[in-house]
Amino acid sequence: MSQLSAEDEVELQSLLKQLLKSISDKISGAPSTECAEELLLHLEETDRNFHYEFVKYLRQHVENSMGAVVDEELKNLSRAEGQHAVGAGHDTLTHAVTRRTRDSAYQQMTQTLKNTMIVVVESLINKFEEDQLRKEEMHREMESSQSNSQFIDNCSDSDSSFNQSYAFIRQEQLQVLAEKLDSNKPKEVRCEALRALCCAPPSDVLSCESWSVLRKNLCVALSDPDLSENVMQFFAKSFSSSPLNVTREIYTSLGKSVETSFLIHKLSFPSGSAAVNINSPEISQLLKQVRLLNDFQKEVTNFWIRHPEYMEEIIESTFSLLSFHHERGSTGAEKMLEPVHLLALLDIKATWFIKWMHGYYSRTVVLRLLERKYKSLIVAALQQCLHYSVQRSVYSRKELEYSSFVHSLCVLGKLIIYTNGRKLFPVKVRKHKPVSLTDLIVILINIMYRHPRPLLSLSPSCLVMEVLWTLCERTECLLQTPVIGTLLAPVIALLAGQKTFAAHIIAEFTLKLLDKTLPSLSESDATGALCGAFIFVCRQIYNTCKGLQVLRTYGLHIALASAWKKTSSLAERIPTPVPGANTAKSTQEMHNLVWEETLLDSLLNFAATPKGLLLLQQTGAINECISYMFSRFTRKLQQVSRCEKFGYGVMVTQVAATAPGVVALQSSFVQALVVELWSALECGSDDIRVVHPRPTPMDHTDGICHKQSFLSLVNLLSSSQSVWELLGRRSLANKSEYTLREMPTSIPDLIDRLIVVNSDVKIQSLFHYEQSHTFGLLLSVLCCCLDSFLLLESQYNICSVLLQGQRENVPDPDSTEAIIIDSLSVERNHVLVRVNVVGGPSERKLPSRRLQECEISKFLASSREPKSEESWLEICKKHYCKAMMSKPNTLTGKEEKNVKNAVLSSVEQLGIDTCLRYGCFLKLLPEDAKNELVLLTKHIKTFLSSQRITSSSQLSLQDGYLGHDWLSSTVFLLMAGNTDRSLDLLLSLSSLLTSAFIWPARIHASVHFAKEVAESGISPVYWCTAHYVEMLLKAEVPLVHSAFRMSGFTPSQMCFHWLTQCFWNYLDWTEICHYVCTCVVMGPDYQVYLCVAILKHLQPEILQRTQSLELQVFLKEEPIRGFRFSSYLDFMLDLERRYRNIVLTDM
């Protein structure tokens, strides 16, 4: 194809034409050139008939050009020894052939083909242009013949030039036409001149020197019914083919003409008439002119962004026309016909105004003119709504007035969604008090209530609801007491006039709907869409911390659970299908199924908050709710991320933080998550069932693709309670043989395959050993929770396995001097240091702390009975706050000098070793303090075990508190290893309310709780403290709250982690002492204020880590750097003043 013959060129042109004709519809439908190119590139994927003759031609050409070269390269490479080996660092045979052929023959072929196609395409373009020119010439000849035959001027003052075509018209001819159009000329002359003008190019007419005279005469001719049609024809032609700087003159002239016609004719209609006859000459003529104006209004927005200098003139001309008769209102029995009436008939939903308000550049001008000069337009629109709101039926008045009402409503609805549009209110209306924005919304709601059946898209209720929906999405102007009162008026009437807060009215009404205790409503209304709608409103309230606080007393969770159980029992009564019988579900069965899912979904939304999760667990429906959530979670929705599908991402994390929640998740979510993770790392479930599974890639996989699965796993295992439920008393498989495509289905299986890789069999069973094992070691983030680490170490000896891996990571087994430093050894070393060294952000650099004399210690040593009226505790609080702010580093603890049947678990023993290491590191404990701490632990364990309920429903309730008692260890360090003083302090503390929150082991399954709360296995630190942390965080630090929502993580889960292990590994020892002392002295609610202060302190890092999908790992692994109690004490005191009545009361 280096030399293209004439025959080849003709053939290629024919094939290319055939291809373009076949795909012309697809190309013409593309919104841009880039989209058309993208469509052609992916044509094989989208077109069933892809194998066109042109495609076959190209394929044959590639085969002829490259076939022999590829065969030759295959032979050469096959002869070379070792070139066909497949492995890491080697090219496959296919890659090698591709690379070699691309370097030589392929480039030559593509260049030749490109040159050939350029020649063919240019020939096609030239032919197309020739055809177009030929068609235009024929069209001009036809116009010329028509002009010569029809538009011959016979007047005495005519010039001979009028006998020729007007395809090209001279200035002299236009001047003559302008004179002939003068109103003093005979009608026949004017009509002939108009016909001639319509055949002239609009650009020549509009740019002539006589245009101002022509425009004036044309406007005068508009009022003549015999001439109006031709004038309108010329104007329409000019609008479609002229630039905006010219058409705006025509538009303003036409507008002035219409305005003059309304003024001259003074059209009116009786106020009681049912219709206006648009076929009457005057109205028909005006209607056509307004139609032309409206068409231009709707199209002009496409052009004035390029010509903003003309935009204000067009807008002002429009407003002048629409407000003209409003300024000269009529009185008496007859009503004046106004331009807005005809405009409303033609464009009932005010499309022109919606388009003008869409762009900021035009919206600014519209709002400025409305505010300064044309506020009467808003007054007129308001009058239409006020007038209509007192009518009883849509169709009892004339359609013209109704269309005007709809048009006005659409204009107002578009106006008030913008801030500057709302600033135009209040508006003064004749014979009515000034109408504020709130008044307008109340009027619209009343219209909706008086016409409650939304049968058509233009019915009042539908139109008003559209406006209200838009306002709800964009503004908060509906959150006004009169608006809410109007909205709830029918509900209040059904509740026998009970008036209280809106949320309470809605909750009370919903309860009555669920209980079917409203006799005024029919059975179908009470159990149908109405009940579902009110449940949905309640759901939006109680799935927030503050909303749940408001609705908690109504027991909605109990009512919903009761309704669900009734509906579920009805479904169980459906008889078993008989073979051969009709299996189609009846309408009632489908209704019951939808209603059951609605109730389950509503119950599930209680899990959006920590306290709501406790209420859901008490209903006994948590397992069914999780099953329903999983059934929706697994649906294939391409547009929604898997984490946030239906808003369930945060909900799963919330549920996984508790023992009963993770038990419910275990059979569905956990297995699905493990399988999904393994499919990304090693192989998918689909590969097991096929005869020829997909080839295993040799290239390294991208870590980003695993991040979402990794974060989901971190969310699931964030709480020590979930780790205990999923791993407690479960051994690892440690099989003697694993198949290559054997998939783990549980968390122990995952640990066995990815973390505890302690045999050659496990290594050989992984396709990507280094990547997969490194990924497994990343799960060391679980060990940031000390209780989780103690469980892993006690059951699986994690440290021993990792140390053995380090010992074996040497180049020579006989030598221990050299080690191999690779990604695995570095990660193993990181994990070992993390789990064996305890301390805050600065304590891993061995800082020194000593207790010094301060005012609070002087006060404690002084008389206990104060002379003033203040209580001893209040004085103590003041001294404590003063000491915290002046000398924040003084509380560190200082040294001062038979439970035989108690047995400590392996977890408790490991916790004791961890505590001793930390105490010795801080130089607070002697080396032989282990026996003292063991004795203290046994005392506390015996004391607390006598105050717990017994239950076998969950692992976390069978053997008491499963984790280590970190508060007891903290007190032991505070008392410098003195068992007696530590025990006295802990026993005294157990009688205080504070102990229920800072001492998780003390309150676990405690008899001091209601039985259902104690049996739930959910700690008050979670359902109370963490719940209020989320509530205050949303109000005080909203950006952080939003960041958690976006990440699928919850602040309650992280705070529960911090508080459970008493901030060990996250704060320095001094700050840990401040935490304990603050909660004891200032009150347990300071636990909430502290967590909010910490999250406020971390706000910059949280926002940054959220963007990089690292929030969970950052909060888990990193200590809380730079936080000092003294710096945030004022902030916490302010939170106490504003929230203590709510938080401490509930505690």
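Only a predicted model underlies this, so the values are computations on that prediction, with no experimental measurement involved.

What counts, and at which threshold
Residues numbered from 1 in each chain as written. Predicted model: local features only at pLDDT ≥ 70, side-chain atom pairs only at ≥ 80, totals over all residues. Heavy atoms only, no water. Helix = DSSP H or I, 4+ residues; strand = E, 2+ residues; numbered from the N terminus. Buried < 20%, exposed > 50% of the residue type's maximum accessible area, 1.4 Å probe, protein only. Areas by Shrake-Rupley, 256 points an atom, 1.4 Å probe, with all protein chains shown as cover. Axes fitted to C-alpha atoms, helices over the stretch in contact; angles between N-to-C directions. Parallel < 35°, antiparallel > 145°, perpendicular 65-115°, else oblique. Left-handed = near helix turned anticlockwise from the far one by under 90°. Contact = heavy atoms within 4.5 Å. pLDDT = per-residue confidence, 0-100. Salt bridge = Lys/Arg side-chain N within 4 Å of Asp/Glu carboxyl O. Phe/Tyr/Trp six-rings, centres within 6.5 Å; stacked < 30°, edge-to-face > 60°. Lys NZ or Arg CZ within 6 Å of the ring centre and 35° of its normal. Nonpolar A, V, L, I, M, F, W, Y, C, P; charged D, E, K, R; others polar. Core = buried A, V, L, I, M, F, W, Y, C linked by side-chain atoms within 4.5 Å. Patch = residues over 30% accessible without salt bridge, like charges linked within 9 Å, V, L, I, M, F, W, Y side chains within 5 Å. Lys, Arg positive; Asp, Glu negative; His and termini not counted. Charge placed at Lys NZ, Arg CZ, Asp CG, Glu CD. Pairing = 2+ DSSP bridges. Disulfide = S-S within 2.5 Å. Expected span 1.5 Å × (residues − 1). Bend = angle between axes of the 7 residues up to and from the residue. Polar contact = N/O pair within 3.5 Å; in protein donor to acceptor, adjacent residues only side chain to side chain.

Caption draft 1: Spatial organisation of the overall build of the protein. Counting its regular elements, the protein contains 62 helices and four strands. Looking at the 1147 residues of the protein, the share that counts as buried comes to 50%. As presented, the protein carries roughly 57100 Å² of accessible surface, and 53% of it is formed by carbon and sulfur atoms.

Caption draft 2: Structural context of the packing of helix α28 (residues 529–542) against helix α31 (residues 587–604). With their axes 10 Å apart at the nearest point, α28 and α31 run at an angle of 15° to one another. As summarised for this structure, α28 and α31 are arranged roughly parallel, according to the angle between their axes. Every pair of crossing elements has a handedness; the one defined by α28 and α31 is left-handed. On α31, the residues that touch Cys531, Gly532, Ile535, Arg539 and Tyr542 of α28 are Trp595, Leu599, Asp601, Ser602 and Leu603.

Caption draft 3: Layout of the confidence of the model for the protein. Across the protein, the average pLDDT comes to 78, with 79% of residues at or above 70. Ranking the helices and strands of the protein by mean pLDDT puts helix α59 (residues 1086–1097) first, with 94, and helix α36 (residues 686–689) last, with 50. Counting interchain partners and residues more than four positions distant, the pLDDT-below-50 stretch residues 326–332 has seven contacts.

Caption draft 4: Fine view of helix α57 (residues 1051–1060). Most of α57 is tucked away: 10 of the 10 residues are buried. Within α57 the residues assigned to the buried category are Pro1051, Ser1052, Gln1053, Met1054, Cys1055, Phe1056, His1057, Trp1058, Leu1059 and Thr1060. Backbone geometry just after α57 places Cys1062 at a positive phi near 55°.

Caption draft 5: Representation of the pattern of salt bridges in the model. Inspection of every chain in the model, using the stated rule, returns 26 salt bridges. In this structure, the salt-bridge partner of Asp295 is Arg291, at a minimum N-O distance of 3.4 Å. With a gap of four residues between them, Asp295 and Arg291 both fall in helix α14 (residues 281–299), about one helical turn apart. Look at Asp295 and you get partly exposed, because its relative accessible area is 32%. Each of the salt bridges in this network shares a partner with another, and the network as a whole consists of Arg215, Arg248, Glu249 and Glu313.

Caption draft 6: View of unusual backbone geometry. Each neighbour pair has its own omega, and for Phe425 with Pro426 the value is 0°, a cis peptide bond. Inspection of the secondary structure puts Pro426 in the loop between α21 (419–422) and β3 (427–429). Positive phi, normally seen in glycine, also occurs at Arg729, with a value near 60°. Examined against the element boundaries, Arg729 turns out to sit in the loop between α38 (720–727) and α39 (747–754). Unusually for a residue other than glycine, Asn1065 sits at a positive phi of about 75°. Tracing the backbone through its elements, the reader meets Asn1065 in the loop between α57 and α58 (1069–1082). On the accessibility criterion, Asn1065 (12% relative accessible area) is buried.

Caption draft 7: Broad picture of the packing of aromatic side chains. Under the definition given, this model contains 23 aromatic pairs. Ring geometry for Trp352 versus Trp356: centroids 5.0 Å apart, planes at 85°, classification edge-to-face. Highlighted residues: Trp352 and Trp356, both in helix α17 (residues 351–356), separated by four residues, approximately one helical turn. The two residues Trp352 and Trp356 agree in class, both being buried. Site record: aromatic cluster; members linked through ring pairs are Trp304, Phe319, Trp352, Phe353, Trp356 and Tyr374. The ring centre of Tyr418 lies 4.0 Å from the NZ or CZ of Arg363, which sits over that ring.

Caption draft 8: Spatial organisation of the packing of helix α9 (residues 187–199) against helix α12 (residues 225–241). Contact geometry for α9 and α12: axes closest at 10 Å, N-to-C directions at 20°. With respect to α12, the axis of α9 lies roughly parallel. With respect to the hand of their crossing, α9 and α12 are arranged in left-handed fashion. Facing Lys187, Arg190, Cys191, Leu194, Arg195, Leu197, Cys198 and Cys199 of α9, the residues of α12 in contact are Asp226, Leu227, Asn230, Val231, Gln233, Phe234 and Lys237. In the contact of α9 with α12, the residues fall into eight nonpolar, two polar and five charged.

Caption draft 9: Up close: the nonpolar core. Counting residues in hydrophobic clusters, the biggest one holds 201 residues, and the most contacted among them are Leu716 and Trp1058. Setting aside its immediate chain neighbours within four residues, Leu716 contacts Ala656, Val662, Leu665, Val670, Leu673, Ser722, Leu726 and Ile747.

Caption draft 10: Just a nonpolar patch on the surface, in detail. Judged by side-chain polarity, Ile819, Ile821 and Val826 come together as a nonpolar surface patch covering roughly 330 Å² of accessible area. With respect to the helices, strands and loops of the structure, Val826 is situated in helix α44 (residues 823–836).

Caption draft 11: Layout of the environment of Gly1122. The topology assignment puts Gly1122 in the loop between α61 (1111–1117) and α62 (1125–1146). Along the chain, Gly1122 and Leu1098 lie 24 residues apart, while their C-alpha atoms are 9.3 Å from each other.

Caption draft 12: Geometry of a negative patch on the surface. On the surface, Glu927, Asp928, Glu932, Asp980 and Asp984 cluster together into a negatively charged patch. Assignment of secondary structure puts Glu932 in helix α48 (residues 930–945). Classification of Glu932 by relative accessible area gives partly exposed; the value is 35%.

Caption draft 13: Spatial organisation of the pairing of strand β4 (residues 432–435). Both β3 and β4 contribute to a ladder of two bridges, which runs antiparallel. Paired with Val427 across the bridge in β4 is Val435. The antiparallel pairing of β3 with β4 creates a hairpin that spans two residues between the two strands, and Lys431 there sits at a positive phi of about 55°.

Caption draft 14: Seen up close, the environment of Ser969. Tracing the backbone through its elements, the reader meets Ser969 in helix α50 (residues 966–974). The buried category is assigned to Ser969, whose relative accessible area is 2%. Spatially, the C-alpha atoms of Ser969 and Thr937 are 8.4 Å apart, while their sequence positions differ by 32 residues. Not counting residues within four places of it along the chain, the set of residues in contact with Ser969 comprises Cys915, His964 and Trp1064.

Caption draft 15: Spotlight on the state of the cysteines. Going through the model one piece at a time under the given rule, you end up with zero disulfides. Cys538 takes part in no disulfide bond, and the closest cysteine sulfur, belonging to Cys531, lies 9.2 Å away. With no disulfide of its own, Cys1055 lies 3.9 Å from the sulfur of Cys1091, the closest cysteine sulfur.

Caption draft 16: Focus on helix α55 (residues 1020–1036). When the terminal C-alpha atoms of α55 are compared, their 23 Å separation across 17 residues agrees well with the 24 Å that a helix rising 1.5 Å per residue should span. By the largest-angle criterion, Ala1026 marks the main kink of α55, which is about 25°. Within α55, 14 of the 17 residues are buried, which leaves it mostly tucked inside the rest of the structure. For α55, the capping residue at the N-terminal end is Ser1019, with a side-chain oxygen 3.1 Å from the backbone nitrogen of Val1021.

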